[in-house]
Amino acid sequence: MSNEIEQFFERQDEAVNALFLENKGDELTDILVAALEEALEILLEAAPAETVH
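Quick notes on the rules
- Residues numbered from 1 in each chain as written.
- Predicted model: local features only at pLDDT ≥ 70, side-chain atom pairs only at ≥ 80, totals over all residues.
- Heavy atoms only, no water.
- Helix = DSSP H or I, 4+ residues; strand = E, 2+ residues; numbered from the N terminus.
- Rg over C-alpha atoms; globule rule 2.2 N^0.38 Å.
- Buried < 20%, exposed > 50% of the residue type's maximum accessible area, 1.4 Å probe, protein only.
- Areas by Shrake-Rupley, 256 points an atom, 1.4 Å probe, with all protein chains shown as cover.
- Phe/Tyr/Trp six-rings, centres within 6.5 Å; stacked < 30°, edge-to-face > 60°.
- Patch = residues over 30% accessible without salt bridge, like charges linked within 9 Å, V, L, I, M, F, W, Y side chains within 5 Å.
- Salt bridge = Lys/Arg side-chain N within 4 Å of Asp/Glu carboxyl O.
- Axes fitted to C-alpha atoms, helices over the stretch in contact; angles between N-to-C directions.
- Parallel < 35°, antiparallel > 145°, perpendicular 65-115°, else oblique.
- Contact = heavy atoms within 4.5 Å.

1. What about the overall build of the protein chain?
Next, step 1: Secondary structure summary: the protein chain contains 2 helices and 0 strands in total.
Next, step 2: Relative to a compact globule of 53 residues, whose C-alpha radius of gyration would be 10 Å, the protein chain shows 16 Å and is clearly more extended.
Next, step 3: C-alpha extents for the protein chain along the principal axes are approximately 50 × 30 × 10 Å.
Next, step 4: Considering the protein chain as a whole, with its 53 residues, one finds that 6% of them fall into the buried category.
Next, step 5: Split by element, the accessible area of the protein chain, about 5,100 Å² in all, is 58% carbon and sulfur.

2. Notes on the environment of V16
Next, step 1: With respect to the helices, strands and loops of the structure, V16 is situated in helix 1 (residues 3–21).
Next, step 2: Linking V16 and E27, residues 11 residues apart in sequence, is a C-alpha distance of 9.2 Å.

3. Some words on the packing of aromatic side chains
Next, step 1: Here the structure, examined in full by the defined rule, presents 1 aromatic pair.
Next, step 2: Ring geometry for F8 against F9: centres 5.4 Å apart, planes inclined by 65 degrees, an arrangement best described as edge-to-face.
Next, step 3: By relative accessible area, which is 40% here, F9 ends up partly exposed.

4. Structural notes on a nonpolar patch on the surface
Next, step 1: On the surface, I5, F8 and F9 cluster together into a nonpolar patch covering about 270 Å² of accessible area.
Next, step 2: Mapped onto the fold, I5 is located in helix 1.

5. Focus: the packing of helix 1 against helix 2 (residues 25–46)
Next, step 1: Axis separation between helix 1 and helix 2 bottoms out at 8 Å; the angle between their running directions is 150 degrees. It follows that helix 1 is roughly antiparallel to helix 2 by the angle criterion. Judged by residue contacts, V16, L19 and F20 of helix 1 engage E27, L28 and I31 from helix 2.

6. Topic: the environment of I5
Next, step 1: Under the relative-accessibility criterion, I5 is labelled partly exposed at 40%.
Next, step 2: Through-space distance from the C-alpha of I5 to that of A18 is 20 Å; in sequence the pair is 13 residues apart.

As C-alpha coordinates, then:
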(Lines give C-alpha, C1' and ligand atoms only; values in the text may rest on other atoms or scores of the structure.)
Protein backbone atom coordinates (compact mmCIF):
# COMPACT_ATOMS: atom_id res chain seq x y z
CA MET A 1 0.00 0.00 0.00
CA SER A 2 1.39 3.37 -0.90
CA ASN A 3 2.25 5.97 1.70
CA GLU A 4 -0.41 8.32 0.29
CA ILE A 5 -3.17 5.74 0.80
CA GLU A 6 -1.97 5.00 4.33
CA GLN A 7 -2.03 8.71 5.16
CA PHE A 8 -5.56 9.01 3.75
CA PHE A 9 -6.81 6.20 5.99
CA GLU A 10 -5.01 7.65 9.01
CA ARG A 11 -6.65 11.05 8.45
CA GLN A 12 -10.00 9.36 7.94
CA ASP A 13 -9.62 7.41 11.19
CA GLU A 14 -8.71 10.60 13.05
CA ALA A 15 -11.77 12.38 11.69
CA VAL A 16 -14.07 9.51 12.69
CA ASN A 17 -12.55 9.37 16.17
CA ALA A 18 -13.05 13.11 16.61
CA LEU A 19 -16.70 12.80 15.59
CA PHE A 20 -17.22 10.00 18.10
CA LEU A 21 -15.66 12.09 20.85
CA GLU A 22 -17.82 15.08 19.97
CA ASN A 23 -20.94 12.85 19.78
CA LYS A 24 -21.78 14.01 16.26
CA GLY A 25 -23.63 11.04 14.86
CA ASP A 26 -25.21 12.91 11.95
CA GLU A 27 -21.86 13.98 10.54
CA LEU A 28 -20.50 10.47 10.98
CA THR A 29 -23.51 9.03 9.17
CA ASP A 30 -22.94 11.45 6.29
CA ILE A 31 -19.31 10.34 6.02
CA LEU A 32 -20.26 6.66 6.07
CA VAL A 33 -22.98 7.12 3.44
CA ALA A 34 -20.57 9.01 1.18
CA ALA A 35 -17.98 6.23 1.58
CA LEU A 36 -20.55 3.57 0.71
CA GLU A 37 -21.70 5.51 -2.35
CA GLU A 38 -18.10 5.83 -3.54
CA ALA A 39 -17.50 2.11 -2.98
CA LEU A 40 -20.61 1.24 -4.99
CA GLU A 41 -19.50 3.52 -7.84
CA ILE A 42 -16.14 1.77 -7.92
CA LEU A 43 -17.82 -1.63 -7.99
CA LEU A 44 -20.17 -0.56 -10.79
CA GLU A 45 -17.24 0.68 -12.87
CA ALA A 46 -15.43 -2.62 -12.35
CA ALA A 47 -18.48 -4.76 -13.19
CA PRO A 48 -18.84 -6.08 -16.73
CA ALA A 49 -21.29 -4.14 -18.92
CA GLU A 50 -23.20 -7.25 -19.94
CA THR A 51 -24.24 -10.32 -18.03
CA VAL A 52 -23.13 -13.67 -19.32
CA HIS A 53 -25.75 -16.44 -19.18
